[in-house]
Structures are given as C-alpha cells and as structure tokens.
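# Report on the structure
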Amino acid sequence: MHITAKELAALIPPDFTLGVGTAAFQIEGALDEDGRGPAGWDVFSAKPGAIVGGGSPAVACDHYHRMPEDVALMKQLGVDSYRFSLSWPRIQPTGSGPVNPAGLAFYDRLLDELLASGISPMMTIYHWDTPLALDDAGGWLNRDTAYRLAEFAAIAAAAYGDRVARWVTINEPATVTTNGYALGLHSPGEALLLKALPTVHHQLLGHGLAVQALRAAGVPGEIGMTNVYSPMVPNSINPLDKLSAGIMDLAQNRLYADPVLLGRYPDLIRAAHFFGSFEHPDEDMEIISQPLDFYGLNYYMPTKVAVGAGEGVIPAGMAEAMGDDLTAASGGTPFHVEAWPEADTTAYGWPVKPDYMGVALKEMAERYPNLPPVILTEGGASFEDIIVRDEATNRTFIPDERRLKYLSDHIEAALRATAPGGEAEAIDLRGYYVWSLMDNFEWSAGYNQPFGLLHVDFQTLERTPKASYFWLQELIEERNLAASAVVAVARAMGP
Ligand code: GBH
C-alpha cells in the first residue's frame, strides 16, 4: 500500500514543483518535416537489431502534430511545470550555422500554449538527439561539439529566453557515454569501452559553455543540469564486491557529478594513468563547475554490484588501478550488476527500491556540501499495462496500480528524507518531475517499456489517462487545497 494523496500532499512544502517530463526524440515523430535535419539517432534506430521489436521513431507519439492536445491533457492534470527537450536538428539542421525558422516556431507555439495553460516550462537543451552532421564529425569524441552546444544554447536563449522558467543544459551525460560510446547500445553505437572517456569531458564542457551562453544572454530563468544517480550497493560483505561497487560509483556517478559540483575529477580517476585524458586545463574546470541555480537529479533505482563474472578483459592500466586481488578475483571484468533477489522489479527488470531514494539524496548531501537546490528531474517506472473495458459504460480504464505506487512511494521518500530531521535534510528539494507524461519511444527498448501517465495506442495514437494520471491529478488538487487553506488562515489572521 501507499499513503493517500491527501497524506502525501500534506508533506509537500510550499513552492515545491510537481511536474511531468518528456524528451523530443521520444515523442515528436515528424523526423522529416518542416526542414528538420537528420539526427544520429535517426540513423542508429534504423539499423537492424538496434531497437527491440524494430520500433521506429518516425511517428513516435506524433506529438509534433498533437501538441495542443497534449498540453490540454497536462492542463487537466494540473501540473505546475512541464519538462521537455528541444530537438537540436529541428532548430539547427546541421548542428552549426543557420537556424530553421519552422523548427524554432514549433517550440514557440509550445511555450505559448504552456503559458496560456498556466504551466511553467522547463526546457532541456540537449536530450541526446545530436544532429547527424556533428556525429559524423566525431560527436562527443570531438571537443568542437561542446562549442556547438553552446552556440545552440545561445540560439535557444535568444528565441525563448523570455518564457523559460528553468533550463537544463544536458540530460544524463553518463548514459550517453556508457550506452552511446562505451557499449554501443545507444546512438551513435560506438563500443569503445574506456576509449569513450573523452565524451565525458566534452559533454561536461558543453554543459559549462551552455551555462555561460545562457548567462551572457541574461535569461531570467533558473539554470541547471541533470545527472542520473544510482546508489551502488555491494552484493555481499565480500570486500571485493565493495571495491567493485566503488569503481562503479566512480564510473557512473562521481565522474559526472564531481567536476560540476566540486570542480575536479575524482582523485582515483585522475591517478590512474589510463584516465590520462582527465588532466584538463584549469579553465575547463572553471567553466564546468560554474555555480548553478539548481542541480537536476534523475533517480530510478539503486544498483547492486558484484565482483566481475569473468566474461571480459580488463583493459591494460585498469588492472593496475584495481590491484591484484580485485583483478584476480574478477576473472577479467571489474564488476557486474546483480539482481535484487527479493525486490519487486519493473518491466525493465529494474528493482523498485523507494528506500534508496533517501540513500541517494543523503549521499549527494554528504559528497557535495555546496549543493545548490535540487530538483528530481526524472523518476518513474515501466510496467506492462492492461486496458480494461467496462461493458456497461463502454469506458476504458487502465489500472496501473504498480506505477502509481512507485510514484507515491518515491515522492514520499524524497519529501521525508529532505524534511527537517530527515536523512538528507541538508538538501533543499524543489520539485519532482514524473517520467513520463506519456508512453513513448524508450530509446533502444523501442515501444516496449511504457513509463507514461497517459497510455498511447501506437496504432491509433489515441491517449488514454491511466489510474496514475488520476492519482497525480488528485495529489495536485489536495496540495492546492492545503495551500489555499494556509492562505485563508493567513488572511483571517490579518496583517
Ligand atoms: C532516462 O534514462 C532518460 O533520461 C529518459 O530519456 C528515459 O526514457 C528514462 O530515463 C527511462 O529509461 O547501473 O550505473 O549502469 C535513464 C537510463 C538506465 C540510466 C539505467 C542508468 C543504469 C546505470 N538509466 N542506467 S548503472
């Protein structure tokens, strides 16, 4: 069970944002329309076997043509804010040089529609759909891409600066590096393993340069970036498991957060000679670690880590850093991810562990004493949905109790952890954005991992609110009622 919407609403502090999120490539479709240029993802997803079930992003949710309907559904939902991303190749077809006015105009219409509906826009500048021309020039392996991102940020600032309340420069650079460049599971499909490392620095530099561009343009909105954070939990008390979890933590969490929040790469990474490329000009680190108005965190799950299973080969240099014990015990792989035997899991197989929300926030607070206000920019769960039709009324109903419980439990955990006396009370938590507004193109998982509050029928493109949508609607209503009661009391008490 989960607490009632009314009980949860009572935990929400004033000025806490309840929002929903999407990303351009996952929902828009219309890849060849109105002058959009190709993205690396267009090409990657057309490769046989790249996408589960062969799903194509060509139409996705057809949001490009159904935007007003989708905003109306958000207005009905009552959310404070909508987090969406710009399609870079729609606005700047080759990733440099001239802009495409028709592409710019789409987000003009979206922003106007949102503001007219009382929904505050959070704009992600980069959520993975790199223009193909830039990927062809090396993508994030090429330092120039960082400067191209800054140029794109300046274009966005000039066009939309007056209407955006919150900016996210880049989303989850860890996933781009790991899945896109190290393992080949995402675009651009490179499986470079440790040779993917320059993409870390270039993305972080791109973030920093984009912050500079937004600041130079004088945008009034708050500026931040988003990293995913997964607490790394050793599989057993075996010290080697602990070491493996530490390495994973370095590679997936600290590598991306330390430079932004502490202005330096983790010592261990700088010390190991195979990370030699992590010695960078001081100017870079200053750009990367510029003060932010907020820090965006995506929390989905913790990760259980065990010493390697022996299927891989440890790159030269890494073995040294791991030490003889770990190298011998790992049989060739520094770590692997273990299942949580007792845990409930999502359709992805991800463990449902709301108690680790507090752990994640506590670890963040401990590691980063100067953390700016935090916004949970994503959280959610994929579960297979069933559509129930009521014979009598002929109305459909989607009872996604598990998704609803996931959201309730995670929002509750985040609020309790950051409340006075909570384990992460040092964190000034400003909001939670549900991933996602609607079922969508879930990258290499295609259409098989529905995260939406809205069900999308990918044949008819019809949207149907799930039980989780009505739950969030109720939560927001209860929160609004509680807030207006406070205002009424204050008024009654008089000046
Ligand atoms: C987010 O990615 C994306 O921003 C969003 O576009 C996507 O649709 C959504 O989440 C749902 O997937 O155990 O350290 O190896 C999150 C992708 C996948 C990132 C799992 C962390 C495990 C990290 N996450 N991954 S680790």
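Residues numbered from 1 in each chain as written. Predicted model: local features only at pLDDT ≥ 70, side-chain atom pairs only at ≥ 80, totals over all residues. Heavy atoms only, no water.

### With respect to the pattern of salt bridges
Applying the stated criterion across every chain yields a total of 26 salt bridges. When the shortest N-O distance is used, the salt bridge between Asp112 and Arg163 registers 3.0 Å. Here the residue Asp112 occupies a position in helix 6 (residues 101-116), and Arg163 occupies one in the loop between helix 8 (144-160) and strand 4 (166-171), the gap between them amounting to 51 residues. Asp112 gets classed as partly exposed once you look at its relative accessible area, which sits at 42%. Arg403 is the salt-bridge partner of Asp385, the closest N and O atoms lying 3.0 Å from each other. With Asp385 in the loop between strand 10 (374-378) and strand 11 (388-390) and Arg403 in helix 16 (residues 401-418), the pair connects residues that are 18 residues apart, well separated along the chain. Residues Asp385 and Arg403 agree in their burial class; the two are buried. The network of salt bridges with shared partners includes Asp385, Asp400, Arg403, Asp439 and Lys466. (Salt bridge = Lys/Arg side-chain N within 4 Å of Asp/Glu carboxyl O. Helix = DSSP H or I, 4+ residues; strand = E, 2+ residues; numbered from the N terminus. Buried < 20%, exposed > 50% of the residue type's maximum accessible area, 1.4 Å probe, protein only.)

### Some remarks on the site of the ligand
Around the ligand lies a shell of 19 residues, among which Gln26, His127, Glu378, Glu442 and Trp443 are the nearest. Within the contact set of the ligand, an oxygen atom lies 3.1 Å away from a side-chain nitrogen or oxygen of Trp435. The protein chains hide 86% of the 580 Å² of surface that the ligand would expose on its own. Class assignment of the residues belonging to the shell around the ligand gives a composition of nine nonpolar, seven polar and three charged. (Near = heavy atom within 4 Å. Polar contact = N/O pair within 3.5 Å; in protein donor to acceptor, adjacent residues only side chain to side chain. Areas by Shrake-Rupley, 256 points an atom, 1.4 Å probe, with all protein chains shown as cover. Nonpolar A, V, L, I, M, F, W, Y, C, P; charged D, E, K, R; others polar.)

### Description of the side chain of Ser87
On the secondary structure map, Ser87 appears in the loop between strand 2 (81-85) and helix 5 (88-91). Here Ser87 falls in the buried class, since its relative accessible area comes to 1%. If we skip the residues at most four places from it in the chain, Ser87 touches Ala24, Glu28, Arg36, Tyr107 and Asp129. (Contact = heavy atoms within 4.5 Å.)

### Side note on the nonpolar core
Ranked by size, the top nonpolar core spans 132 residues in total, and within it Val20, Tyr160, Tyr295 and Leu472 carry the most contacts. Tallying contributions element by element places helix 16 first for this core, with eight residues. (Core = buried A, V, L, I, M, F, W, Y, C linked by side-chain atoms within 4.5 Å.)

### Digging into unusual backbone geometry
Glycine aside, residues mostly have negative phi, and peptide bonds are mostly found in the trans state. For the bond from Ser187 to Pro188, the omega torsion is 5 degrees, close enough to zero to count as cis. By the secondary structure assignment, Pro188 is in the loop between helix 9 (173-182) and helix 10 (198-217). Even without a glycine there, the phi angle at Asp15 is positive, about 65 degrees. Tracing the chain through its elements places Asp15 in the loop between helix 1 (5-10) and strand 1 (17-21). Positive phi is not limited to glycine here, since Asp62 has a value of about 55 degrees. Tracing the sequence through the fold places Asp62 in the loop between helix 3 (40-45) and helix 4 (63-77).

### Thoughts on the confidence of the model for the protein
With 93% of its residues at a pLDDT of 70 or more, the protein has an overall mean of 94. Among the prediction metrics, the complex's ipTM stands at 0.94, with pTM recorded as 0.96. (pLDDT = per-residue confidence, 0-100.)

### Observations regarding the packing of helix 10 against helix 11 (residues 239-262)
In the contact formed by helix 10 and helix 11, the axes pass within 11 Å of each other and the chain directions differ by 35 degrees. Considering only the axes of helix 10 and helix 11, their crossing is right-handed. Across the interface between the two elements, Val200, Leu204 and His207 from helix 10 touch Leu255, Tyr256, Pro259 and Val260 from helix 11. For the contact of helix 10 with helix 11, the residue count by class is six nonpolar, one polar and no charged. (Axes fitted to C-alpha atoms, helices over the stretch in contact; angles between N-to-C directions. Left-handed = near helix turned anticlockwise from the far one by under 90°.)

### Thoughts on the pairing of strand 2
Side chains on a regular strand alternate between the two faces of the sheet. Within strand 2, five of the five residues are buried, which leaves it mostly tucked inside the rest of the structure. Of the two faces of strand 2, the one lined by Ser81, Arg83 and Ser85 and the one lined by Tyr82 and Phe84 are each fully buried. Of the pairings in the sheet, the one linking strand 1 to strand 2 comprises three bridges and is parallel in character. Paired with Gly21 across the bridge in strand 2 is Arg83. (Pairing = 2+ DSSP bridges.)

### A closer look at the sheet that holds strand 5 (residues 222-228)
In spatial order, the strands read 1-2-3-4-5-7-10-13; together these eight strands close into a barrel with parallel pairing. When strand polarity is set aside, the average angle formed by the axes of neighbouring strands in this sheet is 25 degrees. Of the strand pairs in this sheet, strand 3 (residues 120-126) and strand 4 are connected by four bridges, and their pairing is parallel. Following the sheet pairing, Met122 is matched in strand 4 by Arg166.

### Some details on the environment of Pro173
Position of Pro173 relative to the elements: it lies in helix 9. What makes Pro173 buried here is its relative accessible area of 0%. For the pair Pro173 and Leu8, spaced 165 residues apart in the sequence, the C-alpha separation amounts to 32 Å. Excluding residues within four positions of it along the chain, Pro173 makes contact with Gln203, Leu204, Met225, Thr226, Asn227 and Tyr256.

### Examining the sheet that holds strand 6 (residues 232-234)
Note: strands within a sheet are paired through backbone hydrogen bonds, in either parallel or antiparallel orientation. The strand order across the open sheet built from three strands is 6-8-9, with neighbouring strands paired in mixed fashion. With one partner strand each, in any of the chains shown, strand 6 and strand 9 (335-338) form the two edges of the open sheet. With strand direction ignored, the average angle separating the axes of adjacent strands in the sheet is 45 degrees. Direction of pairing for strand 6 relative to strand 8 (residues 303-307): parallel, over a ladder of three bridges. Residue Met232 lies in a different strand from strand 8, and its bridge partner there is Thr303. Sitting on the sheet, helix 11 is in contact with strand 6, strand 8 and strand 9, with an inclination near 125 degrees to strand 8.

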